[in-house]
Amino acid sequence: MIKINKLSAPDGLKELYDKCKEEKLSPDESYKKLGNPLKQEVIDNLMAEQGHICAYCMRRIPDERELPDDTPDVSIEHIIPRNPIKFIDVNQGLDYNNMVAVCSGNRGKKKTRKPRDLTCDAKRGRKDITINPLDSDKIALIKYREDGSIFSDDTAINDDLDISLNLNCSSDLVKLPETRKNVLTEFQSALFSMSSMDTIKNNCERYLDLYLNESDPKTPYSGIIIWWLQEYIKKLTKV
């Protein structure tokens, strides 16, 4: 997971937001007013500002896997759920700054899908979470292990990553830790093959700047590369 920098909301969404607020509709009622082509415009905007990667697991979106007919390849996710368990109402249903784009979450036909296979918003449901891809301070608390698993020393955030979002899912449908580990290993191999002891720190800093400032499309699962580069540069600086 990496920090998402929000852009301006589509004008049509702003107008719909104001109209629903004036009519005093609930966040869920407001969101149900969002239909195509405006909804697709919102999705396209979200994917563009995220570099076409899922806000949570960082796989490519729209989801490139073969999906069941009833499964969307990309969805709008609300950071504060539009119909939350605690009945919070801050007009979040059509608030563009409360929206991110996410993958299919391994959704499938209800008879065949298993809770342990679900990730991202599909696993989270309406549950409140502490981690927020728009909050750089919270993103900074995310770490990775050698096996590619994601975690945090902050208990609430760690529960979000491991349980609420199931970002360490390793099933027949998706093996997120293994995928992240492979992405990092491939990057490390390329980095060390082109770097000498004299150039390694400069190359690390150059790549860190590159990944932090990637535009659209971004590199899938780049969060683990960014974290590793930051940690490795710290080690090199101490030498």
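Attention in this report is confined to the structure presented alongside it.

Rules behind the numbers
Residues numbered from 1 in each chain as written. Predicted model: local features only at pLDDT ≥ 70, side-chain atom pairs only at ≥ 80, totals over all residues. Heavy atoms only, no water. Patch = residues over 30% accessible without salt bridge, like charges linked within 9 Å, V, L, I, M, F, W, Y side chains within 5 Å. Areas by Shrake-Rupley, 256 points an atom, 1.4 Å probe, with all protein chains shown as cover. Salt bridge = Lys/Arg side-chain N within 4 Å of Asp/Glu carboxyl O. Helix = DSSP H or I, 4+ residues; strand = E, 2+ residues; numbered from the N terminus. Buried < 20%, exposed > 50% of the residue type's maximum accessible area, 1.4 Å probe, protein only. Lys, Arg positive; Asp, Glu negative; His and termini not counted. Charge placed at Lys NZ, Arg CZ, Asp CG, Glu CD. Contact = heavy atoms within 4.5 Å. Axes fitted to C-alpha atoms, helices over the stretch in contact; angles between N-to-C directions. Parallel < 35°, antiparallel > 145°, perpendicular 65-115°, else oblique. Left-handed = near helix turned anticlockwise from the far one by under 90°. Nonpolar A, V, L, I, M, F, W, Y, C, P; charged D, E, K, R; others polar. Phe/Tyr/Trp six-rings, centres within 6.5 Å; stacked < 30°, edge-to-face > 60°. Lys NZ or Arg CZ within 6 Å of the ring centre and 35° of its normal. Core = buried A, V, L, I, M, F, W, Y, C linked by side-chain atoms within 4.5 Å.

This part covers a nonpolar patch on the surface. On the surface, Ile80, Ile88 and Val90 cluster together into a nonpolar patch covering about 210 Å² of accessible area. Its location among the elements puts Val90 in the loop between β1 (75-78) and β2 (99-102). We classify Val90 as partly exposed; its relative accessible area is 45%.

What follows concerns a negative patch on the surface. Negative charge collects at one region of the surface, where Asp11, Glu15, Asp18, Glu22, Glu23, Glu41 and Asp44 lie side by side. Residue assignment for the negative patch shows that the elements contributing at least two residues are α1 (11-22) and α3 (38-49). It is α1 that provides the largest number of residues to the negative patch, a total of 4 residues. Among the secondary structure elements, Glu41 is positioned in helix α3.

The next subject is the environment of Cys20. Mapped onto the secondary structure, Cys20 falls in helix α1. Those residues in contact with Cys20 that sit more than four places away from it in its chain are Leu25, Ser30, Lys33 and Leu94.

Our focus in this paragraph is the packing of helix α7 (residues 176-194) against helix α8 (residues 200-212). Closest axis-to-axis distance for the α7/α8 pair is 10 Å, and the angle between their directions is 140°. When the axis of α7 is compared with that of α8, the two are oblique. When you trace α7 past α8, the crossing you get is right-handed. Packed against α7, whose contacting residues are Phe187, Leu191, Phe192 and Met194, the element α8 presents Ile200, Asn203, Cys204, Arg206, Tyr207 and Tyr211 at the interface. Among the residues making up the contact of α7 with α8, the classes are represented as 8 nonpolar, 1 polar and 1 charged.

A few words now on the packing of aromatic side chains. As enumerated under the stated definition, the model contains 8 aromatic pairs in all. The interplanar angle of 85° and the centroid separation of 5.4 Å between the aromatic rings of Phe187 and Tyr207 together place this pair among those described as edge-to-face. Placement of the pair is Phe187 in helix α7 and Tyr207 in helix α8, with a sequence separation of 20 residues. Given a relative accessible area of 19%, Tyr207 falls into the buried group. Residues Trp228 and Tyr232 carry aromatic rings whose centres are separated by 4.7 Å and whose planes lie at 15° to one another, so their mutual orientation is stacked. With Trp228 and Tyr232 both in helix α9 (residues 222-238) and 4 residues apart, this pair spans about one turn of that helix. Residue Trp228 is classed as buried on the basis of its relative accessible area, which comes to 12%. Taken together, Phe187, Phe192, Tyr207, Tyr211, Trp228 and Tyr232 form an aromatic cluster joined through their ring pairs. Above the plane of the ring of Tyr96 lies Lys6, whose end atom (NZ or CZ) is 4.1 Å from the centre. Directly above the ring of Phe151 sits Arg145, whose terminal nitrogen or CZ lies 4.1 Å from the centroid.

Quick look at the nonpolar core now. Counting residues in each nonpolar core, the largest one holds 64 residues, and the members touching the most others are Met1, Tyr56, Leu167 and Leu229. Of all the secondary structure elements, the ones that give two or more residues to this core are α1, α3, β2, β3 (142-144), α6 (155-164), α7, α8 and α9. If one sorts the elements of this core by residue count, α9 sits on top with 8 residues. When neighbours within four sequence positions are excluded, Leu229 is seen to be in contact with Phe187, Cys204, Tyr207, Leu208 and Tyr211.

Enumeration according to the criterion identifies 9 salt bridges in this entry. Between Arg82 and Asp28 there is a salt bridge whose closest N-O contact spans 3.1 Å. Of this pair, Arg82 sits in the loop between β1 and β2 while Asp28 sits in helix α2 (residues 27-31); the two residues are 54 residues apart in sequence, bridging distant segments of the chain. The exposure class of Arg82 is partly exposed, given its relative accessible area of 30%. Here Asp28 falls in the buried class, since its relative accessible area comes to 16%. A single salt-bridge network, built from bridges that share partners, covers Asp28, Lys32 and Arg82.

In short, the description is geometric, and any link to function would need to be established separately.
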